Amino acid sequence: LTQRITENKDGLTRISDWELAKRLAVFLWSSIPDAQLQQLAEQEKLKDPAILEAEVKRMLADSRSSRFVAHFVEQWLGLDGMESVTHVADDDLKNAMRKEPVAFFDDLLKRNGSVFDFIHSDYALVNERLAKHYRIRDVLGSHFRKVSIEPHLNRGGLLTGSAILAMNSDGKDSNPLKRGVWMLERILNDPPPPPPPNVPEVDLADPEIQKMTLKERIANHRNDPACYSCHARIDPWGIAFENYDALGSYRTKINNKPVDASSFLFNKQSLEGMNGLKRYLLEERQDQFARAMVRKMTTYALGRPLSFSDHAEVEELAAEFRKKGDRLGDLIYLVTQSGIFNSK
């Protein structure tokens, strides 16, 4: 038998139906193809766009897709950072913190909602223990459910989730540097370079340093020329999170002084706390966040880092994703139908 080799529009060799079935199963189930996928592969029908979309829909509706949701969210947001968190003493709370972003993603995927809900939403996914932590009333039981939230609660989206805030703290207080790096890496896919060797540390024994607020210490550290270029890129993002303490609780004062969560980005853009950060992302950085989501999802789907040669395809995917309305379920369909997913 002569092997049929087909090429996609970029001249790359397309994978076989069997390989596509295996790739789908690993992506969406962290498993092997079931009987239906095998049968479609045998019949060489799986590459038909309508059939492929129907299969993806079926697979996402299957309980095995919960593995995809949990694994992707953990990798995307770096939730393994919760394993080293020791300052959350309540195990029920710590467990709920880690489950919250997974529940949020799962809800958004099931209803094919906009990925910009990850930046801000007027609802939260909580159980009783987490609702108590967030001061959301009338939530009972251990299961997660969607509840409407008022602006005064200062929640909504992933950025104000207590897991994100707790794992990006120093255990006693916030950590603007860690939060800023997380923001750039995970949300904007624009990680800062690693710190240079021999970076001078903040001398906490210095009485003048002890008098400073955390924001003032950061500004003082940034005055060192060796530190300025990186910190000017990172710190303003992290300072916008300052209204949230090491447990992710909202606060308006630190040591009886009003919290100052205002900052200026490298481009002189002003960020006024979390609300300002969310507004700026939604008004000025939509393309960057949408592209970041496409890159994160495609990387996970392929099980390998993206290479330079993948760049053009990913840009096309991002443009199509934006055109279709930035919906999470649509992103899964777009990735599975893409040339990059269907090529060797």
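Report follows, based on the coordinates.

Rules used in this analysis
- Residues numbered from 1 in each chain as written.
- Predicted model: local features only at pLDDT ≥ 70, side-chain atom pairs only at ≥ 80, totals over all residues.
- Heavy atoms only, no water.
- Helix = DSSP H or I, 4+ residues; strand = E, 2+ residues; numbered from the N terminus.
- Buried < 20%, exposed > 50% of the residue type's maximum accessible area, 1.4 Å probe, protein only.
- Contact = heavy atoms within 4.5 Å.
- Areas by Shrake-Rupley, 256 points an atom, 1.4 Å probe, with all protein chains shown as cover.
- Salt bridge = Lys/Arg side-chain N within 4 Å of Asp/Glu carboxyl O.

It is worth spelling out the overall build of the protein chain at this point. Along the protein chain, the regular secondary structure elements total 15 helices and 6 strands. Here the protein chain, with 344 residues, has 48% of them falling under the buried criterion. Sequence separation of at least 24 residues holds for 64% of the intrachain contacts in the protein chain that already meet a minimum separation of 6. Counting only carbon and sulfur atoms, one obtains 50% of the accessible surface of the protein chain, whose full area is about 17,800 Å².

By the definition in use, this model includes 21 salt bridges. With its nearest N and O atoms 3.0 Å apart, the salt bridge here joins Asp62 to Arg64. Measuring nitrogen to oxygen at the nearest pair gives 3.5 Å for the salt bridge that ties Asp117 to Arg111. You can call Arg111 partly exposed: its relative accessible area is 36%.

This part takes up the environment of Pro258. Topologically, Pro258 is positioned in strand S4 (residues 257–258). In sequence terms Pro258 and Asn243 are 15 residues apart; their C-alpha atoms lie 9.5 Å from each other. Among all residues touching Pro258, those that are not within four sequence positions of it are Thr252 and Lys253.

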